Amino acid sequence: MKTLYINLILLFIASHVTVKNATDLPTGVNMTITENVKDQVSVSAIKSRRKRYISQSDMLAIVDYHNQVRARVFPPAANMEYMVWDESLARSAESWAATCIWDHGPPYLLRYLGQNLSVRTGNYRSILQLVKPWYDEVKDYAFPYPQDCHPTCPMRCYGPMCTHYTQMVWGTTNRVGCAIQVCYNMVVWGSVWRQATYLVCDYSPKGNWVGEAPYKLGVPCSACPPSYGGSCRNNMCFPSLNSNFVYWFK
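From a predicted model like this one, the values you see are computed outputs, not experimental measurements. (Residues numbered from 1 in each chain as written. Predicted model: local features only at pLDDT ≥ 70, side-chain atom pairs only at ≥ 80, totals over all residues. Heavy atoms only, no water.)

A.B. asks: I'd like a description of a nonpolar patch on the surface, backed by residues and values.
C.D. replies: A grouping of Phe74, Tyr145 and Leu217 is seen on the molecular surface, where their side chains present a nonpolar patch of about 310 Å² in accessible area. Inspection of the secondary structure puts tyrosine 145 in the loop between β3 (141-142) and β4 (156-157). Accessibility expressed as a relative area gives 30% for tyrosine 145, which makes it partly exposed. (Patch = residues over 30% accessible without salt bridge, like charges linked within 9 Å, V, L, I, M, F, W, Y side chains within 5 Å. Areas by Shrake-Rupley, 256 points an atom, 1.4 Å probe, with all protein chains shown as cover. Salt bridge = Lys/Arg side-chain N within 4 Å of Asp/Glu carboxyl O. Helix = DSSP H or I, 4+ residues; strand = E, 2+ residues; numbered from the N terminus. Buried < 20%, exposed > 50% of the residue type's maximum accessible area, 1.4 Å probe, protein only.)

Structure below.
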């Protein structure tokens, strides 16, 4: 029932938010400017009947990069789930990206979804130029071991931000959908960027819960949810053949 409710909200957002640009400086900014599992995800599997705000090659690159990062976390994760593309999340990301507001949103949707944002001036050569800086936060992050959690786990970040990285590797987050928007006269930290490339990625289930570690420490795949049927690939809980894995690429 909760999943159905979230999907209904996403569909409502996708069909009603139409703002094209914004020039007001957002408050509470919480972002960082940014720069093969393909055997299961062919280009034909992610065709769509609607205009996209992101190319198929960029979609594949984003999902593949997330799973590369998730597969090699240290210390190792016992419950790291394989991440797939989700069209409902992509539509919600499109709606927010179209506002060209440099802040997280919409607020009521963020009660259920995680979100990472990235922006750069001009064009980009690879979508990963906007995604990789999220992972780069790992150098400032210290994973909370069980002995550190009494009972809540501390967030130990020794840089400006670590929550982009922790959302990427949140063990129970298994769906992502993103959108790219070219924004004109976009306000970013008090400056007007004449032309900005804006990336919005929405995640479900959301991560970054206060007081929790991003994943369970342990032998890879030793604590996978029962829905995966014991299937494990590249250190991640991998959808079994009788799961709804293919659904996320329709």
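A.B. asks: Give me the sheet that holds strand β2 (residues 114-121): which residues, what numbers.
C.D. replies: The strand order β1-β5-β6-β2 describes an open sheet built from four strands, whose pairing is mixed. Every interior strand has two partners, whereas the edge strands, β1 (84-85) and β2, have only one. Across 13 bridges, the pairing between strand β5 (residues 175-188) and strand β6 (residues 191-204) is antiparallel. What sits directly across from valine 182, in β6, is threonine 197. Helix α4 (residues 128-136) contacts β2 and β6 of the sheet and is inclined by roughly 125° relative to β2. (Pairing = 2+ DSSP bridges. Contact = heavy atoms within 4.5 Å. Axes fitted to C-alpha atoms, helices over the stretch in contact; angles between N-to-C directions.)

A.B. asks: Outline the packing of aromatic side chains, listing residues and values.
C.D. replies: A full pass over the atoms with the stated rule returns seven aromatic pairs. Measuring from centroid to centroid gives 6.0 Å for tryptophan 102 and tyrosine 198, while their planes differ by 70°, and the two rings are edge-to-face. Of this pair, tryptophan 102 sits in the loop between α3 (87-97) and β2 while tyrosine 198 sits in strand β6; the two residues are 96 residues apart in sequence, bridging distant segments of the chain. In this structure an aromatic cluster arises from ring pairing among Trp102, Trp189 and Tyr198. Sitting over the ring of tryptophan 209, lysine 206 keeps its end group 5.1 Å from the ring centre. The residue whose ring lies beneath arginine 233 is phenylalanine 238, and the NZ or CZ to ring-centre distance is 4.3 Å. (Phe/Tyr/Trp six-rings, centres within 6.5 Å; stacked < 30°, edge-to-face > 60°. Lys NZ or Arg CZ within 6 Å of the ring centre and 35° of its normal.)

A.B. asks: Describe the pairing of β6, and please don't skip the residues or the numbers.
C.D. replies: Summarising burial for β6: 10 of the 14 residues are buried, a large majority. Judged from the eight bridges that link them, β2 and β6 form a sheet pairing that is antiparallel. Counterpart to asparagine 116 in the pairing with β6 is cysteine 201.

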